[in-house]
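What follows is each chain in one-letter form.
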Amino acid sequence: MKRSQWKSQIPVATAIALLSISATALPPAVLAAQQQQQQPAPPPHDMDHMHMQHNHGGFMQEGMHHAVAKGIKLEQQVDAATHTITLREGPLTLPANTNHMKMPQPPDVFWTIPLDAFLLAYTPRLVDAKGNAVPGIVLHHTAFWNTDRSDFLCPNKEEHIFGAGSELTNWMEIPGYGYRVQKGDNIRIETMVHNPTGTSYDQVYLEVKIPYADSTASTKSVYPAWMDVQSCGNSGYDLKPGNNQNTGTVTVKYNGILLGVGGHMHDYANRIVLEDTTRKDTVATLDAKLDEKGQLLSMPVVTFFDRGGYKFSAGEQLRITATYDNTTGKPLPSGAMGIVVGYFLPADDSAMSALRRKPKSGTRQVASSHEM
C-alpha cells in the first residue's frame, strides 16, 4: 500500500496531547473554558495518612519509589449552570533544581464522577494559592485513568482518558463527540512533578476544567486510544547515551475509525511513528520540537477529518516506534516514554460495553461533588 500521511501542523504545544476531532469535515472549534465565580467546595479529603514512601504503581510511573508529598487534597466543583467541572489538586511544594526522582510526589487520588454525562474537553493549568499562573515546566505529567473501564487496546490497563505534560495543552471540544461516564465511576489521577528551574514554588495547585454534556445529549461516544512503545506494559524506559530506538505493537480489537493523534515523549526525543503493519501503511509521523538544550517543546497533532477518519479493522496490527538522541553522554534511568494517543470512534458502540469492569469494593473516593 502506498505510504500515506495526513498531517495537520496545528500550533499546539503538546507533551501528551490530543486534538479530538470530528470524523466529518467539521472545522475544529475550541470552546474555551470560562472563568466562573464558584462557591467553596465541601471540605476535601486529606492524604496525610499515606506512608512516607510511596510506590507509584501506575503505567506512567512504572512502580518507582518516591517520598510522598504530604497534605495533598483533591477538590471538585460542579457548576450546573455552565456545565463545567473544575478539579483542583494540591498544594504542592516544589523546591528549585529538583528532579522527579528526588521530588516528593503526590499520591494517586481518586475523583468520583458526580453524574451521568459526556466529558467534552480538558483545560489544565498550574496556579499558586493566589491564583497566579505557575510555569507548566514543573509538571512532569498528569494522567487520568478510569478504574471502571479497561483500555480497548490493552485490557490489562485501566482506560486512560486524559493526560497532560509541561505544555499544559488544552484538549479541545468538537460538537457532537464526548467521553461517556457514569455517576460513581472512579477516575484515578496520577501526577508527577519536578522543578528544573532555579525558582522555588510553594502552594502550587493543578487545576483542570472539564465541560460536560448531559447523558441525554445526542453525543457520540469516543474511546481513548493509547498506543505505546512499551506495548501493554509500563510506559517509562531507560535511555542509553546516544541514539535510541524502541518499538512496540498492539492489536486493534474493534472495527472503527481513528479521529486524530498526538504524542507524548520526553527530552532528547526525535520522533514517534505509528504504522499499520497489516496494511503496510504509515498512519502518522510525529516529529518532536526541541530547544537548543534538547528539552522538549512540542509535538505535532495529526488529524484525519479530511478523509473521514483513519479506518481500523479488528485484528490489524499497529507498530509504534520512538527514537531519541541522548546527548548527555550518560544513561538516563526512566528517561523516556513513547506514546501515541488518539480518539477512536467504534463502528458498533454496543460492543464496547465489554470494557466495563465489575465494581470493586472498598475503592477510595477522594473528591466529593458540589453543585452550583
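What you see as residue numbers is a count from 1 along each chain, following the sequence as written. It should be noted that, the model being predicted, local features are given only for residues of pLDDT at least 70 and side-chain atom pairs only at 80 or more, the latter also being counted only at that level, while totals for whole chains, interfaces and linings use all residues. Values shown for side chains rest on all heavy atoms present in the structure; no hydrogens or waters enter the calculation.

**Focus: the sheet that holds strand β20 (residues 281-287)**
Our working definition: Strand pairing is assigned whenever DSSP detects at least two bridges linking the two strands. Helix and strand definitions here come from DSSP, where helices need a minimum of 4 consecutive H or I residues and strands a minimum of 2 consecutive E residues; each element is numbered from the N-terminal end. Axes here mean lines fitted to C-alpha atoms, for a helix over just the part in contact, with angles spanning 0 to 180 degrees between N-to-C directions.
Taking strand neighbours across the sheet as the criterion, the four strands line up as β17-β25-β19-β20 in an open arrangement whose pairing is antiparallel. Looking at strand neighbours, the two that pair on one side only are β17 (242-251) and β20, the edges of this open sheet. Strand after strand, the sheet turns through a mean of 15 degrees between neighbouring axes, direction not considered. Bridging between strand β19 (residues 269-276) and strand β25 (residues 317-326) involves seven bridges; their strand directions are antiparallel. Paired with Ile 272 across the bridge in β25 is Ala 322.

**Looking at the pattern of salt bridges**
Pairing between side chains of opposite charge can happen when the charged atoms of each approach one another. Here is the rule we go by: The working definition used for a salt bridge is a side-chain nitrogen of Lys or Arg within 4 Å of a carboxyl oxygen of Asp or Glu. Any residue under 20% of the maximum accessible area for its type is buried, any over 50% is exposed, and the rest in between are partly exposed; the area is computed with a 1.4 Å probe on protein chains only.
Inspection of every chain in the model, using the stated rule, returns 13 salt bridges. Notably, a salt bridge pairs Asp 108 with Arg 188, separated by 3.0 Å at the nearest N-O pair. Pair noted here: Asp 108 is in the loop between β5 (84-94) and β6 (109-112) and Arg 188 is in strand β12 (residues 186-193), with a separation of 80 residues, a long-range link. Since its relative accessible area comes to 9%, Arg 188 is described here as buried. Ionic pairing is found between Arg 356 and Asp 185, a salt bridge with its closest N-O pair at 3.1 Å. Pair noted here: Arg 356 is in the segment after β27 (339-346) and Asp 185 is in the loop between β11 (177-181) and β12, with a separation of 171 residues, a long-range link. For Asp 185, a relative accessible area of 3% translates into the label buried. Connected through shared salt-bridge partners, Glu 75, Arg 88, Arg 125 and Glu 207 make up one network.

**Brief notes about the side chain of Thr 112**
Condition: A 3.5 Å cut-off defines polar contacts: any pair of N or O atoms within that distance qualifies, except that in protein one atom must be a possible hydrogen donor and the other a possible acceptor, and neighbouring residues in sequence count only when both atoms are side-chain atoms.
Of note, Thr 112 is situated in strand β6. With relative accessibility at 13%, the residue Thr 112 sits in the buried group. Among the polar contacts listed, one links the side chain of Thr 112 to the side chain of Asn 186, at a separation of 3.3 Å.

**Quick word on the nonpolar core**
The condition is simple: Only buried Ala, Val, Leu, Ile, Met, Phe, Trp, Tyr and Cys residues count toward a nonpolar core, and they belong to the same one when joined by side-chain atoms within 4.5 Å.
Formed by 43 residues in total, the largest nonpolar core has its most connected members in Trp 111, Leu 119, Tyr 122 and Phe 144. A total of five residues in this core trace back to one element, the largest contributor, which is strand β13 (residues 201-214).

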